[in-house]
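Structure assessment
As a plain string of letters, each chain reads:
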Amino acid sequence: MPATEHEHSFELFGTRLRVLVSSAMPLTLATQLITRRVKHRLQAIHRELTRFEPSSELNHLNAHAGEPVRVSETLLEGVQGAPQAARLSDGLVDPTVLSELERAGYATSRVGISPPPLADSLRWAPPRSPAVPDPAAEWKRIHVDADEHVVRLPRGVRLDLGGSAKGMAVDLAAQMIAANPAFAIDAGGDIRIGGAYATPRTVEIAHPLRDQPAHNVTVTAAAVATSGLRTRVWRAGDGFAHHLIDPARGVPAWTGVIQATALAPTALEAETLAKMALLSGPLAGRAALERHGGALILDSGKLILLGELDTRPGYPTVDRLTA
Amino acid sequence: MTEQAPSKPTAPAARQRPSRYRTVLSLGIAAIVAAWLPFSMLYINALSKRVATVNATSTLHTVSATAGHSATTLTPVTTRTS
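Read on for an overview of the structure. Quantities reported herein were computed from a predicted structural model and do not represent experimental measurements.

1. A few points about the sheet that holds strand 3 (residues 68-70) of chain A
All names here are of chain A. Pairing is antiparallel in the open sheet, where three strands are placed in the order 3-5-4. The sheet is open, and its two borders are formed by strand 3 and strand 4 (143-145), each paired with just one other strand. Pairwise comparison of adjacent strand axes, ignoring direction, gives a mean angle of 20° for this sheet. Of the pairings in the sheet, the one linking strand 3 to strand 5 (residues 150-152) comprises three bridges and is antiparallel in character.

Structure follows, in structure tokens:
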């Protein structure tokens, strides 16, 4: 009896989120219930952690920087994940650059807004240089009391949990459906693959300058995340801007890498490594992806495979990744 | 004379008992099989799928990566900038 894969998709985190669950039975009530539960949980995470909804809990926390604020379990996890990402990336993936991001032109959601051609922005872009961590490292001064569910942001600091919140949500959803024979959570760039039985699944890495995939990889149990400029680039004044901020300079980073894909045991880690690799530029970015594997695409469109993806010829297979 | 009379009703009762026993037993076995069947299918399916996909992936190892090929019967996913 062939396995049936049930797909449930909905709009969330500014993308079309897909939950794929495979079972040996036709569509069962249990499968429907679990996908519904995942959807409701992810919607709740989005509601609380988005900066685009004035009533979100994150905005309440940001409005009270400098004061201790009691937070929900979801926001607590989100806030804990952000410094974790900053630490993993040596401060490059900095959750405290929200003011700089807004100054660059990303103050409101860009869902539904078509970006200008990436090639145009690359022709305009300033000389390429790797991003640098902010020496002030305000993220180190975020105080979290996990027992009391209390967070205190440094005065004048606001958080943007965008990427890390999505990674965290994908990991949480994966935990909820991990007992199924095979599953995939696909949140646009962030994907988590696994299941009770190790079943390989093809992951296509989209190319930001071409219509066909840049590469395919077969994954059994791991997370894959992609960070890039293609969809979050916009015209700003006489030039262009995008959403990946150089923490030290406070402006969009043009590093020579336009897309980075990372594999890791969790979506939060993969998301962080992908962003770190892009911000690091073509040379240091390779080191970020070496351990678990990944791919860089440079301004020229050239693809560079790294780690596990580079060592296996042709069509690489990545088995269960562990931390 | 009258000593045989009580034995008559006991005969159908004796026949009924094994019958009810068999019914209960059958229902019990059916319940166990019904509960076990989905799990056995999952297991058999996973095993057969694993063998099939390992072969497919091995074959693809000899081919250079090309766009649009699926290594397994599971729905492919695409990672992209979002």
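2. Considerations on the sheet that holds strand 16 (residues 294-298) of chain A
Residues and elements named next belong to chain A. The strand order 1-2-6-7-10-15-16-17 describes an open sheet built from eight strands, whose pairing is antiparallel. Since the sheet does not close on itself, it has two edges, and those belong to strand 1 (4-12) and strand 17 (303-306), each with one partner. For this sheet the average axis-to-axis angle between neighbouring strands, irrespective of direction, equals 10°. The sheet contact formed by strand 10 (residues 222-228) and strand 15 (residues 257-264) spans six bridges and is antiparallel. Note on strand 15: the bridge partner recorded for A223 is A264. Lying over the sheet, helix 1 (residues 29-49) contacts strand 1 and strand 2 (15-23), oriented at roughly 20° with respect to strand 1.

3. Comments concerning the nonpolar core
Of all hydrophobic cores here, the largest spans 89 residues; its most connected members are A262, A270 and A277 of chain A. In this structure A277 of chain A touches V257, A260, A262, G285, A288, L289, G294 and L296 of chain A, once residues within four positions along its chain are discounted.

4. Details of the environment of P115 of chain A
Residues and elements named next belong to chain A. Note on placement: P115 falls in the loop between helix 4 (98-103) and helix 5 (118-124). A count of 18 C-beta atoms within 10 Å places P115 in the partly exposed class. Spatially, the C-alpha atoms of P115 and H242 are 9.9 Å apart, while their sequence positions differ by 127 residues. The residues touching P115, leaving out its near neighbours within four places in the chain, are R230, T231, V233 and W234.

5. Points about the pairing of strand 15 of chain A
Residue and element names in this part refer to chain A. Most of strand 15 sits inside the fold, with eight of its eight residues counted as buried. Alignment of strand 15 against strand 16, held across five bridges, turns out to be antiparallel. Along strand 16, the bridge assignment pairs A262 with G294.

So, how was this worked out
Residues numbered from 1 in each chain as written. Chains lettered and ligands numbered in written order. Predicted model: local features only at pLDDT ≥ 70, side-chain atom pairs only at ≥ 80, totals over all residues. Pairing = 2+ DSSP bridges. Helix = DSSP H or I, 4+ residues; strand = E, 2+ residues; numbered from the N terminus. Axes fitted to C-alpha atoms, helices over the stretch in contact; angles between N-to-C directions. Contact = placed C-beta atoms within 7 Å. Core = buried A, V, L, I, M, F, W, Y, C linked by C-beta atoms within 7 Å. Buried ≥ 20, exposed ≤ 12 C-beta atoms within 10 Å, placed from the backbone.

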